[in-house]
Amino acid sequence: MGKLTANQRYLFDLCGYVILRNVIPSDHVTAAQTAISGNLRRFKERTGEMRESTLAFQGDGVKGRLDCGTVLNWDKPYCDVFRKFLVIPQVIPVMNELCGKGYRLDHLPVAIIQYKNAEGSDLHGGNVNESGQWMPYLSYDCRYGKISCNLLNVAIPLDKTESGDGGFVILPGSHKANFPIPPEIAECDKLEENNYLLNLALNPGDVLIFTEAATHGAFPWRGASESRRTVFYRFCPPNFAYGRGYFEKNAELAKELTEQQSVVLQPPFVPKLNRLHLEDDGSVGSTMRSEDKSDYDKHVFDSDFY
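Nothing here was measured: the structure is a model prediction, and the numbers come from that model. (Residues numbered from 1 in each chain as written. Predicted model: local features only at pLDDT ≥ 70, side-chain atom pairs only at ≥ 80, totals over all residues. Heavy atoms only, no water.)

Engineer: Describe unusual backbone geometry, and please don't skip the residues or the numbers.
Structural biologist: Following lysine 76, the chain continues to proline 77 via a peptide bond in cis, the omega torsion being 5°. Looking at where proline 77 falls in the secondary structure, it is placed in the loop between strand E3 (66–68) and helix H3 (78–84). Non-glycine residue asparagine 274 carries a positive phi angle of around 60°. Mapped onto the elements, asparagine 274 comes out in the loop between helix H7 (259–263) and strand E15 (275–278). The exposure class of asparagine 274 is partly exposed, given its relative accessible area of 21%. (Helix = DSSP H or I, 4+ residues; strand = E, 2+ residues; numbered from the N terminus. Buried < 20%, exposed > 50% of the residue type's maximum accessible area, 1.4 Å probe, protein only.)

Here is the structure:
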């Protein structure tokens, strides 16, 4: 699988998401499920003020969603599969197209668990905030045939979800919205009339990629399985940053990873400053400055880079 097909590209531009079907090997899915089961003590339940406030997303009002953001640092072998998810071969060319070569992991990955009737997640994200102001740090753009996403989410579902089961929902096309979302839509007051939110059908092995500029959330879990487990990885273009967890975590972590995995943990800076990147085939490439330019900058700034 290479870059997006013409159909996928059109629909991503139109709707704000794409699903890559059956690209995660079944043994990797099983390893991730096993790892989560073996590390339940590391998950934090959302309680009190952290609970979702919108009635449609509250679930039974008792069980909160469970979150864990340390999957890359779990003991071996549990961490291994989540590190592999950093560089899924079929995802790399899509990321290069949507974020640009040299794309980087921004937020620390987070695994979530929703048990039956547990809360979901209020609608969030979007092209504009509640005041109608454009949010550049989440923005989506397409100019001269080139898509650019300032924050892109790669979601890996570990349980089967049918439409209507709850779990992830998205408001297609909202990544291009120019007006704040009306409260009646944001709060889903009239669920029986809700024909705008999509509750996507996803299978273990699929990868869901969506721009954070699209308004999205999660309904309480009501599917056939005991729980809904998903791992989220968020990426930025090479010279862009939203989160700051990489300052404390990624430098040490990179020492334990493969070369391909460590490439996506680089801090933000423009590609022309000797940035490594992943080619579409997964090999490591780079954009190197000339020796003359490097020597000149060293003399002028007393540093390898300005």
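Next comes the rest of the account.
Engineer: Tell me what's going on with the packing of aromatic side chains, and back it up with residues and numbers.
Structural biologist: Following the criterion strictly, the structure yields ten aromatic pairs and no others. For the pair phenylalanine 82 and phenylalanine 85, a centre-to-centre distance of 6.1 Å together with 80° between the ring planes defines the contact as edge-to-face. The burial state of phenylalanine 82 is the same as that of phenylalanine 85; both residues are buried. An aromatic cluster is present here, built from Phe43, Trp74, Phe82, Phe85 and Tyr233 joined pairwise through their rings. Between arginine 275 and the ring centre of phenylalanine 269, over which it is positioned, the NZ or CZ distance is 4.6 Å. (Phe/Tyr/Trp six-rings, centres within 6.5 Å; stacked < 30°, edge-to-face > 60°. Lys NZ or Arg CZ within 6 Å of the ring centre and 35° of its normal.)

Engineer: A description of helix H2 (residues 26–37) should follow, citing residues and the corresponding values.
Structural biologist: A rise of 1.5 Å per residue sets the reference length of H2, with its twelve residues, at 16 Å; its end C-alpha atoms lie 17 Å apart and thus fit the reference within 8%. Those residues of H2 not exposed but buried are Val29, Ala32, Ala35 and Ile36. Mapping the buried residues of H2 onto a view down its axis gives an arc of 125°, with all of them on the same face. Close packing links the buried residues of H2 with H3, strand E5 (110–115) and strand E14 (227–236). (Expected span 1.5 Å × (residues − 1). Arc of directions from axis to C-beta. Contact = heavy atoms within 4.5 Å.)

Engineer: How would you sum up the state of the cysteines? Please name residues and give values.
Structural biologist: Summed over the entire model, instances satisfying the criterion amount to zero disulfides. In this structure cysteine 15 is not part of a disulfide, and its nearest cysteine sulfur, from cysteine 149, lies 13 Å away. Looking at the unpaired cysteine 142, the closest cysteine sulfur is the one in cysteine 149, lying at 9.3 Å. Cysteine 142 gets classed as partly exposed once you look at its relative accessible area, which sits at 34%. (Disulfide = S-S within 2.5 Å.)

Honestly, it's all geometry; don't read function into it.
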